[in-house]
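# A look at the structure
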Amino acid sequence: MAVKITAAMVKQLREMTDSPMMECKKALVEADGDLEKAVDVLRTMGVAKAVKRAGRDTNEGTVAAYVSEDGKTGAMLELTCETDFVGSNPKFVAFAEAVAKVAAENKPADVDALLACPMNGGTVQSELTENIHVFGENQKIARFQTIDAQDGALASYIHLGGKLGDIVSFSFAKPETAQNEDFKAFAHDVAMQVAASAPVSARREDVPADVVEHEKSIYTAQAKESGRPEKFWDGIIKGRLNKFYKENVLTEQEFIKNPETTISKLGDEVSKKADDKIEIVSFVRFNFGE
């Protein structure tokens, strides 16, 4: 039995893709009401202009980052509350940062394990309960992730008043590079780039296989519908996949401060200045509510 396509479903797809109403309705019919599949249908048709990510959590709160003084260990953490008034309160933000520090130092397996970690003579759970009493609002640790730099350093960036943040891990050979001013400026710029451009991964080889296969399926469908002979399809698919990498892989992205260069080339320039080989290893990025 076919799923009934409602006006609300069409409206949601339009908001997600910025596509014409009739095309959205056709895509939903073809996808049997599945929004994600409908997005793929629109992309295959070449209609979708931009797939906008909508937050899945309407709670207020903040994203916090902690990086140790030696730059070797860090953590991102999302702490939620009921109102923006509390979410932007400096004491609430400071508490989130303090819990992120506990996470970085203890590396618990999950939120329940983090709540059991020692903090200020009690546990994170007891401190969180006290914080709830102080602010008079329910609060919870929505998620966290730790990150380390074995042979290098970390750099963090918080944007939009705590609604977006990230930590980037760099590797290099010489310990003194961590204090090099050119490296510190580069690390800050890269962390800012991650916040602004939302890359899928730091390096091409780190793009998840399912993401690559998904993109290939879209480009294959586009190639088949292009009207071009089949002998050209592989070239079309490869070209569009390379474009995907350039737009979504951090090291291959254009530098937001200077589109004439890429993050990779910028890293090579800084490596020469520091007389070291500086590489971007990975990153953790939190967009509040995702």
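These lines cover the structure that appears in this document, whether it is placed above or below. Computed from a predicted structure; not experimentally measured.

### Notes on the pattern of salt bridges
- All told, the structure shown has eleven salt bridges when counted by the stated rule.
- Note that D148 is salt-bridged to K107, the shortest N-O span being 3.4 Å. With D148 in strand β5 (residues 140–148) and K107 in the loop between α5 (90–106) and α6 (111–115), this pair connects stretches of sequence that are 41 residues apart.
- Judged by relative accessible area, D148 falls into the partly exposed class, the value being 30%.

### Quick word on the side chain of Q253
- When you line up the elements, Q253 lands in the loop between α10 (233–248) and β8 (254–255).
- Side chain to side chain, Q253 and S197 meet in a polar contact 2.8 Å long.
- Setting aside residues no more than four positions away along its own chain, Q253 makes contact with Q193, S197, P199, K246, E247, N248, T261, T262 and I263.

### So, the sheet that holds strand β10 (residues 279–287)
- Overall, antiparallel pairing links the three strands, which are arranged β6-β7-β10 in an open sheet. Here the strands that pair on one side only, and so sit at the sheet edges, are β6 (152–159) and β10. Neighbour-to-neighbour, the strand axes of this sheet turn through a mean angle of 15°, independent of strand direction.
- Taken together, the eight bridges between strand β7 (residues 164–171) and β10 define a ladder with antiparallel strand orientation. Residue F170 lies in a different strand from β10, and its bridge partner there is I280.
- Of the strands in this sheet, β6, β7 and β10 are in contact with helix α8 (residues 181–197), which crosses β7 at around 135°.

Quick notes on the rules
- Residues numbered from 1 in each chain as written.
- Predicted model: local features only at pLDDT ≥ 70, side-chain atom pairs only at ≥ 80, totals over all residues.
- Heavy atoms only, no water.
- Salt bridge = Lys/Arg side-chain N within 4 Å of Asp/Glu carboxyl O.
- Helix = DSSP H or I, 4+ residues; strand = E, 2+ residues; numbered from the N terminus.
- Buried < 20%, exposed > 50% of the residue type's maximum accessible area, 1.4 Å probe, protein only.
- Polar contact = N/O pair within 3.5 Å; in protein donor to acceptor, adjacent residues only side chain to side chain.
- Contact = heavy atoms within 4.5 Å.
- Pairing = 2+ DSSP bridges.
- Axes fitted to C-alpha atoms, helices over the stretch in contact; angles between N-to-C directions.

Read these as spatial facts, not as claims about activity.
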